[in-house]
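So you can see what is in the structure, the chains are spelled out below.
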Amino acid sequence: GQQVMQIPQYQHVQEGEDFTTYCNSSTTLSNIQWYKQRPGGHPVFLIQLVKSGEVKKQKRLTFQFGEAKKNSSLHITATQTTDVGTYFCGGGGADGLTFGKGTHLIIQP
Amino acid sequence: DVKVTQSSRYLVKRTGEKVFLECVQDMDHENMFWYRQDPGLGLRLIYFSYDVKMKEKGDIPEGYSVSREKKERFSLILESASTNQTSMYLCASRFVGYTFGSGTRLTVV
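Fair warning: this is a prediction, and the values are worked out from it, not measured in the lab.

Definitions and cut-offs
Residues numbered from 1 in each chain as written. Chains lettered and ligands numbered in written order. Predicted model: local features only at pLDDT ≥ 70, side-chain atom pairs only at ≥ 80, totals over all residues. Heavy atoms only, no water. Salt bridge = Lys/Arg side-chain N within 4 Å of Asp/Glu carboxyl O. Helix = DSSP H or I, 4+ residues; strand = E, 2+ residues; numbered from the N terminus. Contact = heavy atoms within 4.5 Å. Buried area = accessible area lost by both parts, 1.4 Å probe. Polar contact = N/O pair within 3.5 Å; in protein donor to acceptor, adjacent residues only side chain to side chain. Nonpolar A, V, L, I, M, F, W, Y, C, P; charged D, E, K, R; others polar. Pairing = 2+ DSSP bridges. Axes fitted to C-alpha atoms, helices over the stretch in contact; angles between N-to-C directions. 1 Å grid on protein atoms, 1.4 Å probe; cavity = no way out; pocket = protein on both sides within 12 Å on 5 of 7 lines; lining within 4 Å. Points joined across faces, edges and corners; volume = space filled by probe spheres on them. Buried < 20%, exposed > 50% of the residue type's maximum accessible area, 1.4 Å probe, protein only. Lys, Arg positive; Asp, Glu negative; His and termini not counted. Phe/Tyr/Trp six-rings, centres within 6.5 Å; stacked < 30°, edge-to-face > 60°. Lys NZ or Arg CZ within 6 Å of the ring centre and 35° of its normal.

**Describing the pattern of salt bridges**
All names here are of chain B. One pass over the full model with this rule turns up eight salt bridges over all chains. Between Lys 71 and Asp 28 there is a salt bridge, with its nearest N and O atoms 3.3 Å apart. Within this pair, whereas Lys 71 is found in the loop between β8 (64–70) and β9 (73–78), its partner Asp 28 is found in the loop between β4 (23–25) and β5 (31–38), the two being separated by 43 residues in sequence.

Shown next, in the form of structure tokens:
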């Protein structure tokens, strides 16, 4: 079945530093979605990418979908304490999303 | 905003009990999902449904069943609860992005 790998598992940054998480699929994806889960909360939908090579921005967040539609990245510029949480990617297939295990972002003030 | 409501935030059940987890969404979505979330394992799909009375197995359906008698309600059933089913259970509905409920933390003792 489809597998989605996400790295790194944990990322410690100083506040103000940039952060990137990467998502790789074993198969070509129809789309990819990104979610954020705050500590103690539930995953919240951030964005969906559909087109090969697509790049979308939301304020300090930049999302990319690879040309082969098998990988994606989320980049946060100048992290803030409000960015703390776990970021999940979900690869779209025939039976809905297969999620990566997430990247835990820990920010040190 | 779409709202997905899970009936219980915390639940403690005994081994062998039959457990019902209820989920209701208020936006007339056809697609609904049940995931469990465990540390280090991420979000794993148990069952999903694309329509009333329709259900499909996800990646880890063993020990679980579901019911979708009405469009807005998707129930997860643990036929005979076991300690390895202690977990956070998340329900979601989808139009484009998934909207998750707040989760039910189930402990089986």
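**Details of the environment of Phe 19 of chain A**
All names here are of chain A. With respect to the helices, strands and loops of the structure, Phe 19 is situated in strand β3 (residues 19–25). Taking the C-alpha atoms as reference points, Phe 19 and Pro 109, 90 residues apart in sequence, are found 15 Å from one another. With residues near it in sequence (within four places) discarded, Phe 19 still touches Gln 11, Leu 74, His 75, Ile 76, Thr 79, Tyr 87, Thr 103 and Leu 105.

**Section: the interface of chain A and chain B**
On the side of chain B, 18 residues touch chain A, which itself brings 15 residues to the contact. Across the chain A/chain B interface, buried area totals approximately 1,400 Å², and carbon plus sulfur atoms make up 56% of it. Between chain A and chain B we count zero salt bridges in total. Viewed at the interface, chain B and chain A are joined by six residue pairs in polar contact (both at pLDDT 80 or more). Contributions of two or more residues to the side of chain A that touches chain B are made by β4 (31–37), β5 (44–49) and β10 (96–99) of chain A. Split by residue class, the side of chain A that touches chain B holds seven nonpolar, six polar and two charged.

**Observations concerning the sheet that holds strand β8 (residues 71–76) of chain A**
All names here are of chain A. If you walk across this open sheet you meet the five strands as β1-β3-β8-β7-β6, and the pairing is antiparallel. Among the strands making up the open sheet, the edge pair consists of β1 (4–7) and β6 (55–58). On average, each strand axis in the sheet is tilted by 15° relative to the strand beside it, whichever way the strands run.

**Focus on the layout of surface pockets**
Computed from the structure, the largest pocket encloses a volume of approximately 1,100 Å³. Taken together, 48 residues form the lining of the largest pocket, with Lys 101 of chain A together with Leu 41, Gly 42, Leu 43 and Arg 44 of chain B sitting closest to its centre. Listed by contribution, the elements that provide at least two residues to the lining of the largest pocket are β1, β9 (85–93) and β10 of chain A together with β5, β6 (42–49) and β10 (87–94) of chain B. The dominant element in the lining of the largest pocket, judged by the number of residues it contributes, is β6 of chain B, at five residues. Partitioned by chemical class, the residues of the lining of the largest pocket number 18 nonpolar, 21 polar and nine charged. In this structure, the second largest pocket encloses a volume near 350 Å³. Lys 36, Arg 38, Leu 46, Gln 58 and Leu 61 of chain A are, among the 14 residues lining the second largest pocket, the residues nearest its centre. At the level of elements, β4 and β5 of chain A are the ones that each hand at least two residues to the lining of the second largest pocket. A total of three residues in the lining of the second largest pocket trace back to one element, the largest contributor, which is β5 of chain A. Considering only residue class, the lining of the second largest pocket consists of five nonpolar, four polar and five charged.

**Considering the side chain of Arg 94 of chain B**
Summarising the element assignment, Arg 94 of chain B is placed in strand β10. Buried and without a salt bridge, Arg 94 of chain B has Glu 30 of chain B as its closest oppositely charged side chain, separated by 8.6 Å. Excluding anything up to four places from it in sequence, Arg 94 of chain B contacts Gly 96 of chain A together with His 29, Asn 31, Phe 33 and Tyr 50 of chain B.

**Some points on the packing of aromatic side chains**
Throughout the structure, instances matching the rule amount to 16 aromatic pairs over all chains. Taking 6.3 Å as the distance between ring centres and 55° as the angle between the ring planes, the aromatic pair formed by Tyr 35 of chain B and Tyr 98 of chain B counts as tilted. Of the two residues, Tyr 35 of chain B sits in strand β5 while Tyr 98 of chain B sits in strand β11 (residues 98–100), which places them 63 residues apart along the sequence. A residue is classified by how much of its surface remains accessible, and Tyr 35 of chain B, at 1% relative accessible area, is buried. An aromatic cluster of at least three residues, connected via ring pairs, comprises Tyr 35, Phe 45 and Phe 99 of chain A together with Phe 33, Tyr 35, Phe 48, Tyr 50, Tyr 98 and Phe 100 of chain B. Between the NZ or CZ atom of Arg 9 of chain B and the centre of the ring of Tyr 10 of chain B, over which it lies, the distance is 5.8 Å.

**Description of the side chain of Gln 37 of chain A**
Mapped onto the elements of the fold, Gln 37 of chain A is located in strand β4. At a separation of 2.8 Å, a polar atom in the side chain of Gln 37 of chain A contacts the main-chain carbonyl oxygen of Gly 41 of chain A. Setting aside its immediate chain neighbours within four residues, Gln 37 of chain A contacts His 42, Pro 43, Gly 85, Thr 86 and Phe 88 of chain A together with Gln 37 of chain B.

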